[in-house]
Amino acid sequence: MLADASSSLFFPPEQSTFAADVDGLFDFIYYLSAFFFIAIIAVMILFVLRYHRRKGHVEQPSASHNEVLEITWSVIPSILVGFIFFYGFTKYLDMREPPDNAYEIQVIAKQWSWQFIYPNGADSDELHIPVNQPVRFILQSSDVLHSFYIPAFRIKMDCVPQRYTNTWVIAKDITGEGKDNSEHKPYDLFCAEYCGKDHSRMLAKVYVHEQSDFDAWLEDAANYLEGKTPEEGGKLAFEKKGCTQCHSVTGDNSAKYAGPPLNGQWGTERSVIARGASSPENVVMDENYIRESVREPNAKVVVGRKPIMPVFTPQQLKDNEITAIIAYLKSLK
Ligand code: CUA
């Protein structure tokens, strides 16, 4: 835990400029509710003890009207809920309105991985952002409802198929590079909307960098295939794009993986159902089959598998990345 980051009773350390306000309002509502809960139960118990029916107790008529009491119990709660509304609404507006100079990152949610695309065309499966700089996230989903949730930032927003949603944040502190020996650990990013079998594995890490480190990371991320052999580059692309979520490369064909294992498959035949066809046909796993399976996964679906593989557009997976992945799959025995 960071020394300078405050945390509340219920939440992780406050790592965005919104966090203190969100926690402040949450704590206010929570303790206010706790106060009234205890006060109401206490008075109720007191009244039960004092006024319950017992021998020799004479029944008294109910008071019909008490102006002072009625004004008190109307005015005080009205002020309290008015304050909660005003404070909550103004802070909510702040959270909905990113500044004009916000840095923009595209977020693509799919069953079951996250993909982040940066303005220079780089993309990653972990989120990297600069510190102390407004960052706007433009969210989309390739398939079903997901929810983009970063508890340390106190932001959560649905990813909805067929439309864009957005949210933004200013991160307060830098984090380490994913090493557990770092004092500044990366933050967790969760999917917070049940989206199918592997919803609970739809996770990512969030890294916050100094601006200069971020620029260097971004440059590297855009050119990650450079200086690698096609097999090495393909392995990196295969992992970065989330392929490993659904495809094993060890022959593991268990229910843990939604898709077929991909090692030892190159050049072999498989039985598939082509789109619109009623009977299966055999196809060979070659370059064009892999390319088609990535760009148009439902064109041919392996018999016994569900048509659930997400489409990878050229923006999400470039042609040279497909070529590298093909080289990698060829090399898998
Ligand atoms: Cu995606 Cu739950």
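Each chain has its residues counted from 1, following the order in which its sequence is written. Per-residue local features of the predicted model are confined to residues with pLDDT of at least 70, and side-chain atom pairs are confined, for both listing and counting, to 80 or more; whole-chain, interface and lining totals are unaffected and use all residues. Excluding hydrogens and water, the side-chain figures rest on all heavy atoms present in the structure.

Two modes of strand pairing occur in sheets, parallel and antiparallel, and in both the strands are linked by backbone hydrogen bonds. Any two strands with at least two DSSP bridges between them are considered paired. Numbering of helices and strands runs from the N terminus; a helix is a DSSP stretch of H or I covering at least four residues, while a strand is a stretch of E covering at least two. Read across the open sheet, the three strands follow the order β12-β11-β13; overall the sheet is antiparallel. Since the sheet does not close on itself, it has two edges, and those belong to β12 (281–284) and β13 (300–302), each with one partner. Averaged over all adjacent pairs, the angle separating strand axes in this sheet is 55 degrees, with direction ignored. The pairing of strand β11 (residues 269–274) with β12 spans four bridges and is antiparallel. Bridge pairing in β12 links E269 to V284. Note on geometry: axes are C-alpha line fits, over the in-contact stretch for helices, and angles between N-to-C directions span 0 to 180 degrees.

With that settled, the discussion passes to a negative patch on the surface. On the surface, E210, D213, D215, E219, D220 and E226 cluster together into a patch of negative charge. The topology assignment puts D220 in helix α3 (residues 211–222). Taking relative accessible area as the criterion, D220 reaches 56% and is therefore assigned exposed. Surface patches are drawn from residues lacking salt bridges whose relative accessible area is over 30%; two like charges belong together within 9 Å, two nonpolar side chains (Val, Leu, Ile, Met, Phe, Trp, Tyr) within 5 Å. The accessible surface values rely on the Shrake-Rupley method and a 1.4 Å probe; as for residues, cover is taken only from the protein chains in view. What counts as a salt bridge is simple: a side-chain nitrogen of Lys or Arg found within 4 Å of a carboxyl oxygen of Asp or Glu. When charges are tallied, Lys and Arg are placed among the positive residues and Asp and Glu among the negative ones, while His and the ends of the chain are skipped. Taken as the charge location is NZ of Lys, CZ of Arg, CG of Asp or CD of Glu. We call a residue buried when its accessible area falls under 20% of the maximum for its residue type, exposed when it is over 50%, and partly exposed in between, using a 1.4 Å probe and counting protein chains only.

The next subject is the packing of aromatic side chains. In this scheme Phe, Tyr and Trp rings, the latter by its six-membered ring, pair at centre separations within 6.5 Å, and the angle between planes marks the pair as stacked below 30 degrees, edge-to-face above 60, and tilted otherwise. All told, the structure shown has 18 aromatic pairs when counted by the stated rule. Considering the side-chain rings of Y103 and F214, the 5.5 Å spacing of their centres and the 85 degrees angle between planes classify their relative orientation as edge-to-face. Of this pair, Y103 sits in strand β1 (residues 103–110) while F214 is found in helix α3, placing the two residues 111 residues apart along the sequence. In this structure Y103 comes out as buried when scored by relative accessible area, which is 18%. Site record: aromatic cluster; members linked through ring pairs are F11, F26, Y30 and Y31. Lysine NZ or arginine CZ positioned within 6 Å of the ring centre and within 35 degrees of the ring normal marks a charge as sitting over the ring. Across the ring face of W112, the terminal group of K197 is positioned such that the distance to the ring centre comes to 6.0 Å.

Where burial is concerned, most of strand β10 (residues 203–209) is hidden: five out of the seven residues are buried. Both strand β4 (residues 127–130) and β10 contribute to a ladder of four bridges, which runs parallel. Paired with H128 across the bridge in β10 is Y207. For strand β9 (residues 187–191) and β10, the ladder comprises four bridges, and the chain directions are antiparallel. In the strand pairing of β10, L189 is matched with A204.

With that settled, the discussion passes to the sheet that holds strand β6 (residues 146–150). Pairing is mixed across the open sheet formed by five strands, whose spatial order is β4-β10-β9-β6-β7. Two strands in the sheet have a free side with no partner beyond their single neighbour: β4 and β7 (155–159). Direction aside, neighbouring strands of the sheet carry axes that sit 25 degrees apart on average. Across two bridges, β6 lies against β9 in antiparallel orientation. Note that in β9 the partner of Y149 across the bridge is F190. α3 rests against β4 and β10 of the sheet, and its axis sits at about 140 degrees to β4. It only takes one pair of heavy atoms within 4.5 Å for two residues to be counted as in contact.

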